[in-house]
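These are the residues of each chain, in order.
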Amino acid sequence: LGAINEILCAGKLPKRTVYIALGHDEEIGGNEGAAKIAQHLKEEEGMSEGIEFILDEGTMMISGAIPGINEPVAIVGCVEKGHISVELTVKGPGGHSSTPPIDEDNPLKIMSKAIVALESNPVPAHFEKGSAFRNTLEDIAGELSFPLNVLCSNFWLFGPIFKHILLRANSGAAASIRTTTCVTIMSGGEKLNVIPSDVKAYINHRVHPADTFDDILLHNSRVINDRRVKIRLMDEAGFVVPPSPISDFRSKSFDLIRSTVNKNFGFGTVPGVMVGNTDTRWYWDLSKQIYRFSPVELTIQETKMFHGVNEKISAKALTSMIDFYKDLVMMDLDEDATDKVKLE
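Residues numbered from 1 in each chain as written. Predicted model: local features only at pLDDT ≥ 70, side-chain atom pairs only at ≥ 80, totals over all residues. Heavy atoms only, no water.

Asks: Lay out the packing of aromatic side chains with the relevant residues and their values.
Replies: All told, the structure shown has 8 aromatic pairs when counted by the stated rule. For the ring pair Phe 127 and Phe 162, a centre distance of 6.2 Å and an interplane angle of 20 degrees mean the geometry is stacked. Pair noted here: Phe 127 is in the loop between helix H3 (107-120) and helix H4 (132-140) and Phe 162 is in helix H6 (residues 155-169), with a separation of 35 residues, a long-range link. The exposure classification of Phe 127 matches that of Phe 162, with both residues buried. Among the aromatic residues, those joined into a cluster by ring pairs are Phe 265, Phe 267, Phe 293, Phe 324 and Tyr 325. Across from the ring centre of Phe 127, 6.0 Å away, lies the NZ or CZ of Arg 134, which sits over that ring. (Phe/Tyr/Trp six-rings, centres within 6.5 Å; stacked < 30°, edge-to-face > 60°. Helix = DSSP H or I, 4+ residues; strand = E, 2+ residues; numbered from the N terminus. Buried < 20%, exposed > 50% of the residue type's maximum accessible area, 1.4 Å probe, protein only. Lys NZ or Arg CZ within 6 Å of the ring centre and 35° of its normal.)

Asks: Can you break down the side chain of Ser 131 residue by residue, with the values?
Replies: With respect to the helices and strands, the residue Ser 131 is situated in the loop between H3 and H4. Accessibility expressed as a relative area gives 5% for Ser 131, which makes it buried. Side-chain polar atoms of Ser 131 contact the backbone oxygen of Glu 128, separated by 2.7 Å. (Polar contact = N/O pair within 3.5 Å; in protein donor to acceptor, adjacent residues only side chain to side chain.)

Asks: Explain the packing of helix H1 (residues 2-9) against helix H10 (residues 315-330) residue by residue, including any values.
Replies: At a minimum axis distance of 8 Å, the contact between H1 and H10 shows a crossing angle of 60 degrees. Of the two elements, H1 crosses H10, and the hand of that crossing is right-handed. Facing H1, whose interface residues are Gly 2, Ala 3, Ile 4, Glu 6 and Ile 7, H10 presents Ile 322, Tyr 325, Lys 326, Val 329 and Met 330. In the contact of H1 with H10, the residues fall into 7 nonpolar, 1 polar and 2 charged. (Axes fitted to C-alpha atoms, helices over the stretch in contact; angles between N-to-C directions. Left-handed = near helix turned anticlockwise from the far one by under 90°. Contact = heavy atoms within 4.5 Å. Nonpolar A, V, L, I, M, F, W, Y, C, P; charged D, E, K, R; others polar.)

Asks: With reference to specific residues and values, describe the nonpolar core.
Replies: Counting 27 residues, the largest nonpolar core has Ile 66, Leu 137, Phe 162 and Leu 166 as the members making the most contacts within it. Among the secondary structure elements, those contributing two or more residues to this core are strand S1 (54-63), strand S2 (73-80), H4, helix H5 (148-153), H6 and strand S11 (290-299). Formed by 20 residues, the second largest nonpolar core is a distinct cluster that contains Ile 115, Leu 118, Val 199 and Phe 213. (Core = buried A, V, L, I, M, F, W, Y, C linked by side-chain atoms within 4.5 Å.)

Right under this line is the structure:
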């Protein structure tokens, strides 16, 4: 809104039609915000895949996000991971804490073993030919400095090594190539001196585009390997979202974003995987090119403040964001927007 306000105050107009969609409930799924906006665009505006491209909030300009590249890189999310939540339930005899069983498991011990098994055996990562993040690195291989340019140009040989590096580099890199597993809620006992007879745990998976929900449930069952642990997919509204369609990072729309980043920040731009979730799923049938990017410069460490203590943005960063959106809105899609930057 700040960018549009400055454009209008300067007496200018964009060269193409621009829609600004602001939902009020993005953090809880967008059912009453983005969903209603998308419905209006289809029913009242007559749009169906008629929007050239959509840009939502998303990945940022992060230094240290890609192993071996020290300067910030603008990572534009071309695909968004899905998410499911799984409920684990264990029921059995409880008892008094003064006489715990000496040769039997109780529900709390059984659940604890199941969770340790899941955390110790994550879903296999995807770095095979054609996988999303491998495409990212292969696309920028020619812009990297030695020895990364050699590694990323020869994944047929170095792929397994680089996969190992990514899984241990940082949480963001690891999440880009696998479905993640995170225990978010546990519940059981209510009294200090009573062994619980009914224990529940809830697992949140952010699903990689190469995995299916059935793949994840089968993996969980095999890893836990205990019939006493009941596994249920929470398929209530909002708990199940499939991975998004993949948008083209060789399109004019992506080049427009790349050129605007280069003009305003001088950083290289690469396609990437959005590991969180936005409400763009409501717009999937309005455009084939949906990108997720926030023009904010951060370090890997600074990303830990999201939804946490002292979450903030500087006044300088806010001004830079406004300038980025002003240029993006005013730039002609048919202009030569193929500028690239050497990454080091």
